[in-house]
Amino acid sequence: RLGLVGSEMCIRGRAKGEFVIGFVGSLKPWHGVDRLLKAFGRLAVDDPAYRLLVVGDGPLRGEIEDFAARHSLADRIEMTGAVEHGEVPALLRRMDVGVAPYPELEDFYFSPLKVWEYAAAGLPIAASNIGQLGDLFPHHEAALLHSPGRTSKLVRNIVRLRSDPELAKRLARRARQVARRHSWSRIA
């Protein structure tokens, strides 16, 4: 069921009870990859049902591979590498939560596409409250947000979404409504 395919770590299938934490995007420092790994490490120690699905590639890929090897988690972390845009929706459907663990950034100016993708896919979101995220996806209304760089809060938010499926569904539904109101065609 679990193993390596070529140089890619992969989870083949999904066992009942597994909870997949998803990340979509380039693997760069300003996307909070280090926080993602710390959070997953804490969750994985407490519960073997947690899985991590990383969709994307970038300069921090080696850090994720080293982390997985160092902590004996290669069988619980799947890295897809870069994928075609058309492949992303199927990968999002495999996730139970979409995360955007941004660190503190002095000049945060961009609108995180990953959060819009999570919302459009109907995923509950656990993200740093940075930039306009709190205005667009209010905490406890359309996402669970935490202060940038706060790994412990990210962990708590993921655990909360897993332990409260009704909350996760409600947040995902509201996030999807936000995404619909802000679609490219609607904005144009």
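The rules we used
- Residues numbered from 1 in each chain as written.
- Predicted model: local features only at pLDDT ≥ 70, side-chain atom pairs only at ≥ 80, totals over all residues.
- Heavy atoms only, no water.
- Helix = DSSP H or I, 4+ residues; strand = E, 2+ residues; numbered from the N terminus.
- Buried < 20%, exposed > 50% of the residue type's maximum accessible area, 1.4 Å probe, protein only.
- Contact = heavy atoms within 4.5 Å.
- Areas by Shrake-Rupley, 256 points an atom, 1.4 Å probe, with all protein chains shown as cover.
- Pairing = 2+ DSSP bridges.
- Axes fitted to C-alpha atoms, helices over the stretch in contact; angles between N-to-C directions.
- Salt bridge = Lys/Arg side-chain N within 4 Å of Asp/Glu carboxyl O.

Enquirer: What is the right way to read the overall build of the chain from this model?
Expert: Within the chain, the secondary structure is distributed over 8 helices and 8 strands. Considering the chain as a whole, with its 188 residues, one finds that 46% of them fall into the buried category. Look at the contacts in the chain between residues 6 or more apart in sequence, and 71% of them connect residues 24 or more apart. If you sum the accessible surface of the chain, you get close to 9500 Å²; carbon and sulfur atoms cover 51% of it.

Enquirer: Where do I start with the sheet that holds strand E5 (residues 77-81) in this structure?
Expert: Neighbouring strands of a sheet are bound in pairs by backbone hydrogen bonds; such pairs are parallel or else antiparallel. What the 6 strands build is an open sheet, ordered E5-E4-E3-E6-E7-E8; its pairing is parallel. Two strands bound the open sheet, and with one partner strand each, they are E5 and strand E8 (144-146). The mean inter-strand angle of the sheet, taken between neighbouring strand axes irrespective of direction, is 20°. Summarising the sheet, strand E3 (residues 19-24) and strand E4 (residues 50-55) pair through 6 bridges and their orientation is parallel. The partner of Gly 22 across the bridge, within E4, is Leu 53. Helix H6 (residues 151-163) rests against E3, E4, strand E6 (97-100), strand E7 (125-128) and E8 of the sheet, and its axis sits at about 170° to E8.

Enquirer: Sorry if this is basic, but what is going on with the pattern of salt bridges here?
Expert: A side chain with one charge can pair with a side chain of the opposite charge if their charged atoms come near. Counting across every chain of the model gives 6 salt bridges. Glu 18 is the partner of Arg 51 in a salt bridge, and the nearest nitrogen-oxygen pair spans 2.9 Å. Here Arg 51 is found in strand E4, whereas its partner Glu 18 is found in the loop between strand E2 (8-11) and E3, with 33 residues between them in sequence. For the pair formed by Arg 51 and Glu 18, the shared burial category is buried. One salt bridge in this structure joins Glu 65 and Arg 61, with 3.0 Å as the shortest N-O distance. With Glu 65 and Arg 61 both in helix H2 (residues 61-70) and 4 residues apart, the pair spans about one turn of that helix. You can call Glu 65 partly exposed: its relative accessible area is 29%.

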